[in-house]
Amino acid sequence: FKWIKQNLKIKSFLGTTENAVKTQIWVAMIYYLLLAYIKYQTRYSRTLTVLALILKEQLMDKLHLIDILSLSRERLKQARAPDYQLAFF
């Protein structure tokens, strides 16, 4: 239980039934394992928390995961710069 609270970042349960709680824990575990697998495959040197933050920030951008993990924070901000041509629509 301590490991779940520390690593899976479940702040509160969305449902009250046993099935809802188990489902939310399983989804959080799958997310954690996918992050660990991405970190292992890309040989990413930072922590899983930093990786999760980067992926959360870049979720809606059309960038490849390898490009995101290899860029520095400054280059990543430049890549996320808004396209002013589309700002009028």
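Residues numbered from 1 in each chain as written. Predicted model: local features only at pLDDT ≥ 70, side-chain atom pairs only at ≥ 80, totals over all residues. Heavy atoms only, no water.

Focus on the overall build of the protein chain
As a reminder of what qualifies: In this text, helices come from DSSP runs of H or I with a minimum length of four residues, and strands from runs of E with a minimum of two, each type numbered from the N-terminal end. Exposure is judged per residue with a 1.4 Å probe applied to protein chains only, and the accessible area is read against the type maximum: over 50% gives exposed, under 20% gives buried, and values in between give partly exposed. Residue contacts are counted whenever heavy atoms from the two residues lie within 4.5 Å of one another.
Along its length, the protein chain carries five helices and zero strands. Along its sequence from the N terminus, the protein chain presents helices and strands in the succession α-α-α-α-α. Counting across all 89 residues of the protein chain, residues that qualify as buried make up 18%. When contacts within the protein chain are restricted to residue pairs at least 6 apart in sequence, those whose partners lie at least 24 apart make up 17%.

What to know about the nonpolar core
Where we set the bar: For our purposes a nonpolar core is just a set of buried Ala, Val, Leu, Ile, Met, Phe, Trp, Tyr and Cys residues, chained together by side-chain atoms within 4.5 Å.
Counting eight residues, the largest nonpolar core is built from Leu35, Tyr44, Leu48, Leu51, Ala52, Ile54, Leu55 and Leu69. The leading source of residues in this core is helix 3 (residues 48-57), at five residues.

Some remarks on a positive patch on the surface
The condition that has to hold: By definition, no residue in a patch forms a salt bridge, and every one has over 30% relative accessible area; like charges are joined within 9 Å, nonpolar side chains (Val, Leu, Ile, Met, Phe, Trp, Tyr) within 5 Å. Note on areas: Shrake-Rupley with a 1.4 Å probe; residue coverage comes only from the protein chains shown. Counted as salt bridges are all cases of a side-chain nitrogen of Lys or Arg within 4 Å of a carboxyl oxygen of Asp or Glu. Two residue types count as positive, namely Lys and Arg, and two as negative, namely Asp and Glu; His and chain ends fall outside the count. Note on charges: their place is set at NZ of Lys, CZ of Arg, CG of Asp or CD of Glu.
Taken together, Lys5, Lys9, Lys11 and Lys56 make up a surface patch of like positive charges. Within the secondary structure layout, Lys9 lies in the loop between helix 1 (2-7) and helix 2 (18-42).

Section: helix 3
In plain terms, the rule: In this description, one arc is meant: the one made by directions from the helix axis to the C-beta atoms.
Within the span of helix 3, buried status applies to Leu48, Leu51, Ala52, Ile54 and Leu55. Looking straight down helix 3, one finds its buried side chains confined to an arc of 165°; they lie on one side.

Brief notes about helix 2
Selection criterion: To estimate the expected span of a helix, subtract one from its residue number and multiply by 1.5 Å.
With 25 residues, helix 2 ought to run about 36 Å at 1.5 Å a step, and its terminal C-alpha atoms sit 36 Å apart, in line with that. Among the residues making up helix 2, those that are buried are Gln24, Ile25, Ala28 and Leu35. Against helix 1 and helix 3 lie the buried residues of helix 2. Once helix 2 ends, the next one or two residues include Arg43, with phi positive near 55°.

Quick notes on the packing of helix 2 against helix 3
Counted only if it meets this: All axes here are fitted lines through C-alpha atoms, helices being fitted over the stretch that makes contact, and every angle between N-to-C directions spans 0 to 180 degrees. Any angle that is under 35 degrees is reported as roughly parallel, and any over 145 degrees as roughly antiparallel; angles of 65 to 115 degrees are reported as roughly perpendicular and all others as oblique. Gly is placed with the polar residues, together with every amino acid not listed as nonpolar (Ala, Val, Leu, Ile, Met, Phe, Trp, Tyr, Cys and Pro) or charged (Asp, Glu, Lys and Arg).
The geometry of helix 2 relative to helix 3 is characterised by a closest axis approach of 10 Å and an angle of 100° between their N-to-C directions. One element, helix 2, and the other, helix 3, form an angle in the roughly perpendicular class. Note on element contacts: helix 3 touches helix 2 through Leu48, Leu51, Ala52 and Leu55, opposite Tyr31, Tyr32, Leu35, Ala36, Ile38 and Lys39. A breakdown of the residues in the contact of helix 2 with helix 3 according to their chemical character gives nine nonpolar, no polar and one charged.

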